[in-house]
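Architecture and fold: a report
So the chains spell out like this:
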Amino acid sequence: MKAHSFETQSSITPTKALEFLKEGNQRFVNNLKISRNLLQQANETRDGQWPFAVILSCIDSRTSAELIFDQGLGDVFSIRIAGNVVNTDIIGSLEFACKIAGSKLIVVLGHTSCGAIKGACDHVEMGNLTDLLAKIQPAVYQENTVSEPQKRNSKNADFVENVTDINIKRSVKTILNRSYILEQMVEKGEIAIIGAKHHLDSGVVDFFEDTWIHNKSSVEVHMA
């Protein structure tokens, strides 16, 4: 399979980009990955790149975006940071990927049993990690289904997964809140944003349809 070109990238809609990722994840789950000549793709993209999507995911070694979505060289931008949190540098990278390089879809990808989420649930403080985990703390406080203090920690798997989901959705909203460029692109239908969660045990990626932001009305709902 060839790498994407300017022409193929230009023909892809945000909805089609999402379909590509869903289809790729199905191949990954069923161990049916597409046969690719990676050296050929490297040669095809040496003078330029046209990724159709940008994926903000965790640094976890088990959740490589290219692998779990069965994509090749030049197909997706991959931004990785513990806990898939958002900061100014992440926003800038997303703006580059979409406004400059032409990507059509932003995916905020969390995963099960996330160490960063567990650290935030336990209020860990250690060096520079303290500031990173502080970005997840709002999701910990927002979780309101577990009331017993002794169960609001990493030992409670349900609590951890609830916080994970909240953190994903908060990151989606933060991207819109902090980037006028991306907000305008979504309103014009040029790009879309969605949150998703990778299940480490099965390989399945669940896309959160309630975070699908693709036009002006959906932006207004999520910015409210």
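Everything below is about the structure printed above this text.
Quick look at the structure, then.

Parameters and conventions
Residues numbered from 1 in each chain as written. Predicted model: local features only at pLDDT ≥ 70, side-chain atom pairs only at ≥ 80, totals over all residues. Heavy atoms only, no water. Helix = DSSP H or I, 4+ residues; strand = E, 2+ residues; numbered from the N terminus. Rg over C-alpha atoms; globule rule 2.2 N^0.38 Å. Contact = heavy atoms within 4.5 Å. Areas by Shrake-Rupley, 256 points an atom, 1.4 Å probe, with all protein chains shown as cover. Lys, Arg positive; Asp, Glu negative; His and termini not counted. Charge placed at Lys NZ, Arg CZ, Asp CG, Glu CD. Salt bridge = Lys/Arg side-chain N within 4 Å of Asp/Glu carboxyl O. Buried < 20%, exposed > 50% of the residue type's maximum accessible area, 1.4 Å probe, protein only. Core = buried A, V, L, I, M, F, W, Y, C linked by side-chain atoms within 4.5 Å. Pairing = 2+ DSSP bridges. Axes fitted to C-alpha atoms, helices over the stretch in contact; angles between N-to-C directions.

**A word on the overall build of the protein chain**
- Each helix and strand counted, the protein chain has 11 helices and 5 strands in total.
- Its C-alpha atoms give the protein chain a radius of gyration of 18 Å, near enough to 17 Å, the size a compact globule of 224 residues would have.
- Long-range contacts, defined here as pairs at least 24 residues apart, represent 70% of the contacts in the protein chain between residues at least 6 apart.
- Summing over all exposed atoms, the protein chain offers an accessible surface of approximately 11,000 Å²; the carbon and sulfur share of this is 52%.
- One finds the centroid of the 23 positive side-chain charges in the protein chain at a distance of 1 Å from the centroid of its 27 negative side-chain charges.

**Regarding the pattern of salt bridges**
- Enumeration according to the criterion identifies 8 salt bridges in this entry.
- Its salt-bridge partner being Lys16, residue Glu19 comes within 3.4 Å of it at the nearest N-O pair. One end of the pair is Glu19 and the other is Lys16, both in helix α2 (residues 14-29) and 3 residues apart, which spans about a single turn.
- Under the relative-accessibility criterion, Lys16 is labelled partly exposed at 33%.
- Taken together, the shared-partner salt bridges connect Glu161, Asp165 and Lys197 into one network.

**Describing the nonpolar core**
- Judged by nonpolar contacts, the single largest core of 44 residues is most densely connected at Val54, Leu94, Ile106, Ile175 and Leu182.
- The leading source of residues in this core is helix α9 (residues 157-178), at 8 residues.
- If we ignore the near neighbours within four places in the chain, the residues touching Leu94 are Val54, Ile79, Ile106, Ile175 and Leu182.
- Counting residues in each nonpolar core, the second largest holds 20 residues, with Val76, Leu105, Val205 and Phe207 among its members.

**Examining unusual backbone geometry**
- Even without a glycine there, the phi angle at Asn84 is positive, about 40°.
- Tracing the backbone through its elements, the reader meets Asn84 in the loop between β2 (76-80) and α5 (88-100).
- At Ser113, a position not held by glycine, the phi torsion is positive, near 55°.
- Its place among the elements puts Ser113 in the loop between β3 (105-111) and α6 (115-121).
- Looking at Ser113, the relative accessible area reads 34%, which means it is partly exposed.

**Some words on the sheet that holds strand β4 (residues 192-198)**
- With mixed pairing, 5 strands are arranged side by side in an open sheet as β2-β1-β3-β4-β5. The sheet is open, and its two borders are formed by β2 and β5 (205-213), each paired with just one other strand. Pairwise comparison of adjacent strand axes, ignoring direction, gives a mean angle of 25° for this sheet.
- Here α5 sits on the sheet and contacts β1 (53-57), β2 and β3; the angle it forms with β2, its principal contact strand, is near 180°.

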